[in-house]
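# Observations on chain architecture
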Amino acid sequence: MFDVLIIGGGVIGCSVAKYLSEYQLKIGLLEKASDVCELTSKANSGIVHSGIDAHPGSLKATLNLQGNQMMESFCKELDVPFIRNGSLILCFEESDYPDLLRLYDQGVKNEVPGIKILNQEELLQLEPNLNPHVYAGILAPSGGIVDPFKLTLMQAEVASTNGVSFFLQTTVFYIQKKQDYFQVETSKGVFQAKLIVNAAGIYADEFNNQVSNHILKIIPRKGEYCLFDKQVGSLVKHTIFQLPTPLGKGVVVTPTTDGNLLLGPTAYDILDKEDISTTVEGLKFVVEKGKKTIKEVPMSFVITAFAGLRATEANGDFILGESQDVPNFFNAAGMESPGLSAAPAIGVYLGNQITTKLRAKKKDHFVTRNKSVVDFDKLSLTEKARYIENDHDFGQIVCRCELVTLAQIKEAIHRPLGATTIDGIKRRTRAGSGRCQGGFCSPRILDILSKELHKDPKEIAKSSEQSTYLVGLDKELL
Amino acid sequence: MKETKQLVCISCPMGCRLEVEMEDKTILQVSGNLCSRGIVYANKELTNPTRILTSILPIIGGVEEMVSVKSKTDIPKNRVFECVKSLKGLVLQAPIHVGDVIVKDLCGTGVSLVATKTVLKK
Amino acid sequence: MRNVDVCIIGGGPAGLAAALSARKEGIENILILERETFLGGILNQCIHNGFGLHTFKEELTGPEYAARYVQMVEEASIPVLLDTMVIDISKDKVVTAISPQAGLIQIQAISIVLAMGCRERPRGALNIPGFRPSGIYSAGTAQRYVNIEGFLPGKEVVILGSGDIGLIMARRMTLEGAHVLMVCEILPFSGGLKRNIVQCLDDFNIPLRLSHTITKIHGKYRVEGVTVQQVSLDKTPIAGTEEFVACDTILLSVGLIPENELSRKAGLKIHTTTQGPLVNDRFETSIPGVFACGNVLHVHDLVDWVSQEAEFAGQFAAQFVKLGSQISRLLPIVCGYGIRYTVPTTLCIDSMKTLTTVRFRVTDVFKDYYLDVFVGQVRVSHQKKRIVAPGEMESILFKKHWLDSKTEDEEITILLQKE
């Protein structure tokens, strides 16, 4: 019997797991994918919002602001890349200016620090590659960007180190409320827990509706993105939004913490919760809208496109806390934007409620800090020399685009909750995320994974078990 | 009956476009070739087409896992599959040197299979 | 810091030929840096035949061609550092490299020859909509699995792009037990060599679908199929021509790009078309003493031309060590009608050889055109070309005396003309 079972290994599930792992609780986390950070948490804008957008007084507003304030020290402690690069919200027509002012007022109400209105000249001085026809904008200096993979992974690792059991490739089928516990049927057998945290992203409504009469309805909202080569990563410094107009929401143009340029997302509701495919129309939309923000969209530098699904709940706000009719069933549902920004605060918010409810006591010993796989590329020459001297595997480059070494790949495999897939390695080390998108390094990483994990190369997959690469030996099928 | 056949000479990367005038099964004239190999190729391709077979075989105890091989000369085109199938299951022992004969006679074609790479012992 | 006269970055066909020719020019202190544990570069995974007809007057496989050069380099006792990856080249020609054994190495060179080769264009450049499952490989990655590691990466294969590696892999995968369903080419003509279409596709009845592309990838985990669609001349998919093709594997053979990360770091000027460094007829880049040759300069179809080009680059690199810069007046070559790019892009009027090979690619398929060279308004060369195609690199021998009548400010133009 677990004290707490968390359903979902995204950034929210892992935030809650990390917080609770400091307490004397028996905690399990169930994740249907082969790794944490496999769905919405891996395919988003990686933005830490300033909090202007959220409706004043909503949970979104409060937790976004809190999350934003916590982010810097939180990321420092966990060794997660975070840059407070500031956000801009642009309008392009004089007729939209009143709406920009309204948004500014909302920002003031939400107590977003340091925001100010900039005119065309000031904007172009700040961002020379902007569309010169920009009319005005809001600068929100507290806006930032974060590595969403690391934010999820590093919290999960801390939770794991502190004793949380992670059950990967474990699909939850059905949750049943028993007398004083819950029974959870999964693809890996039956689990029991006193308390459930439902952080199942786009599937959170299904689990809630299995036990509660307060029905939730989550609509997957697809967001498609284009990612550009690092060569154009410094085209803009800020995260640049377009002021929503009656004609639509526009797209974000932002650098990423890794130094790439990101354009997106689209936003349209779909029916299929599994549909993370990109579309012709979507990618066209992203590029067209992107052209409004920046002078030129450097199409020849696109390295990949991807789509993510945001879990939009009909009521428009986060659904956080204990279910009204099912004691000990906690929801973290409707985790759309600004879910990533709010994640650290949500961990505290929900974690607090749960530890109070369970009257849990802090452990005597637990870790709060984490150290990421070292980024060899960013080391100075002297440090590089020292690393190679201590471990020759640092002298063996596996991913040429991102300069990732054998030592880093091995470490990613052998860390707590280590990588078992090609995508897992990518999120932990960036190997394969550069301009050749794994063309060069994926056979090598497959080989390293197979050797380090003592697995048949044919079993090594991209992410899920079904996504293997090799079908047999040469001539085997002849 | 006279007929004209179009071929692309594959003797070298120039890829000359050949026009071959034929009567019954006799070649009357080859044109479009930049060198004499075009004529040889046209003759062969229309009477007895042949290809070089290249492949790869696993090797044990070497510094590499696989060693590349080829048929020493060309083999009849219609026997390529048969020859490559005959290599299924063949495993070599290191060391192997470029030019080493791996199979003396590929499926009775009289052509040997030779290594195209040196793989030394581990 | 180690001092080297000629430092060669890359031990593939270009690097090896450059090293040998620099040695022939009398340079003792040469160093080849190779990131793999063996020399020969990508030739080692090109196990098919068709190499060396020009260089060795016989038809060799890739590994055999490589082995010949490796042997010559060994016989010439040219120093090589294997398993050594260059991570930086500075403007003042300090090369920084790392290796598991030697750690961090810094080399001060007088001449540098860039011979890093090229890499494949990834899917991102194509932006094909759909899922991102496993089973999508660049043709070269599939080649590595099949030819180096001995694994088959798929059973039912659709190949996008008719570049040579894609064509070669159609045959290789077929002969290893896979079923290649088709090769789709977005252009109305193939980017590969004609002989490869004959012996890699026609021989195995693999259809080549010209003016077709993949417009959607199906399958969430592993590829389950593709939507193939016909395209118009401007490459736009034609509605109503969609066709679902079930497959578990997609090979992308959509072109190669010179690998110029290091060149960019060093601040070299890069050609917008070739994506390789801009060079003059001495293969010298925008930094004096830094030379480039082979696929890092522009992507070749034939290794024989790589070797030939590299031999010159090695020679000029050696001359730089002995004589310093030989550059004075540079005359630009302008690409006229039908010419996509030329290498070199400039000629050193004073120091150029009496005969200089200018390589180029054309923009489209042209039948029965004349290749003309103009110096100013004067036509100095007029050659009939039966057929030229973008997939096959062309060259012209530029004669120094063509410039004899040149007056100031006249440029050289190479173009195709009907008459």
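Residues numbered from 1 in each chain as written. Chains lettered and ligands numbered in written order. Predicted model: local features only at pLDDT ≥ 70, side-chain atom pairs only at ≥ 80, totals over all residues. Heavy atoms only, no water.

### Some thoughts on the interface of chain C and chain A
- Opposite the 48 residues of chain C that make contact, chain A presents 55 residues.
- For the pair chain C and chain A, the summed buried area comes to about 4,500 Å², and 56% of that belongs to carbon and sulfur atoms.
- When the buried area of chain C at its contact with chain A is split by residue, R132(C), F151(C) and Y221(C) rank highest and sum to 14% of it.
- Summed over the shared surface of chain C and chain A, the result is five salt bridges.
- With a shortest N-O distance of 2.5 Å, E274(A) and K220(C) are connected by a salt bridge.
- At the boundary of chain C and chain A, one finds 19 residue pairs in polar contact (both at pLDDT 80 or more).
- Within the residue set of the side of chain C that touches chain A, elements represented by two or more residues are β6 (85–89), β7 (94–99), β8 (103–114), β10 (136–138), α3 (139–149), β11 (151–152), α4 (164–175) and α6 (261–266) of chain C.
- The greatest single-element share of the side of chain C that touches chain A, amounting to five residues, is contributed by α3(C).
- Direction of pairing for strand β23 (residues 472–473) of chain A relative to β11(C): antiparallel, over a ladder of two bridges. The residue bridging L473(A) from the neighbouring strand is F151(C), located in β11(C). (Contact = heavy atoms within 4.5 Å. Buried area = accessible area lost by both parts, 1.4 Å probe. Salt bridge = Lys/Arg side-chain N within 4 Å of Asp/Glu carboxyl O. Polar contact = N/O pair within 3.5 Å; in protein donor to acceptor, adjacent residues only side chain to side chain. Helix = DSSP H or I, 4+ residues; strand = E, 2+ residues; numbered from the N terminus. Pairing = 2+ DSSP bridges.)

### Some thoughts on the pattern of salt bridges
- On inspection of all chains with the given rule, the structure shows 55 salt bridges over all chains.
- Linking D269(A) and R221(A) is a salt bridge whose minimum nitrogen-to-oxygen distance equals 2.6 Å. Taken together, the positions of D269(A) in strand β17 (residues 268–269) and R221(A) in strand β13 (residues 218–228) put the pair 48 residues apart, joining distant regions of the chain.
- Of the residues examined, D269(A) reaches a relative accessible area of 42% and is grouped as partly exposed.
- One salt bridge in this structure joins R430(A) and E402(A), with 2.8 Å as the shortest N-O distance. In this pair, R430(A) is assigned in the loop between α11 (422–429) and α12 (442–452) and E402(A) in the loop between β21 (397–399) and β22 (404–405), connecting sequence segments 28 residues apart. For the residue pair R430(A) and E402(A), the accessibility class agrees, reading buried in each case.
- A single network of salt bridges, built from pairs that share partners, joins D229(A), R435(A), R35(C), R119(C), E259(C) and E261(C). (Buried < 20%, exposed > 50% of the residue type's maximum accessible area, 1.4 Å probe, protein only.)

### Considering the nonpolar core
- Judged by nonpolar contacts, the single largest core of 67 residues is most densely connected at I409(A), I425(A), I445(A), L57(B), I102(B), M173(C) and L251(C).
- It is α4(C) that provides the largest number of residues to this core, a total of six residues.
- Those residues in contact with I409(A) that lie beyond four places of it in its chain are V398(A), V404(A), I425(A), T429(A), A431(A), I445(A) and I448(A). (Core = buried A, V, L, I, M, F, W, Y, C linked by side-chain atoms within 4.5 Å.)

### Observations concerning the interface of chain A and chain B
- Each side of the interface is counted separately: chain A has four residues, and chain B has nine residues.
- The largest contributions to the chain A side of the interface with chain B come from D474(A), K475(A) and L478(A), which together make up 93% of the buried area.
- Taken together, the connections running from chain A to chain B amount to zero salt bridges.
- Counting every contact that joins chain A to chain B gives four residue pairs in polar contact (both at pLDDT 80 or more).

### What to know about the domain arrangement of chain C
Residues and elements named next belong to chain C.
- Along its sequence, chain C is carved into domain 1 (2–119 + 257–327), domain 2 (122–254) and domain 3 (329–419).
- Contacts between domain 1 and domain 2 engage ten residues on the former and eleven residues on the latter.
- Buried surface at the junction of domain 1 and domain 2, summed over both partners, amounts to about 840 Å²; 51% is from carbon and sulfur atoms.
- At the surface where domain 1 touches domain 2, the tally comes to one salt bridge.
- There are four residue pairs in polar contact (both at pLDDT 80 or more) connecting domain 1 and domain 2. (Domains from an automatic or database assignment.)

### Some words on the pairing of strand β5 (residues 87–91) of chain A
All names here are of chain A.
- The element β5 is extensively covered by neighbouring structure, given that five of its five residues are classed as buried.
- Here β5 shows a buried face lined by S87, I89 and C91 and a second buried face lined by L88 and L90.
- In the sheet, β5 pairs with strand β14 (residues 239–242) via four bridges, with the strands oriented parallel. Paired with S87 across the strands is T239, a residue of β14.
- As judged from the five bridges shared by β5 and strand β7 (residues 136–140), these two strands associate in the antiparallel manner. Counted as the bridge partner of I89 is I138 from β7.

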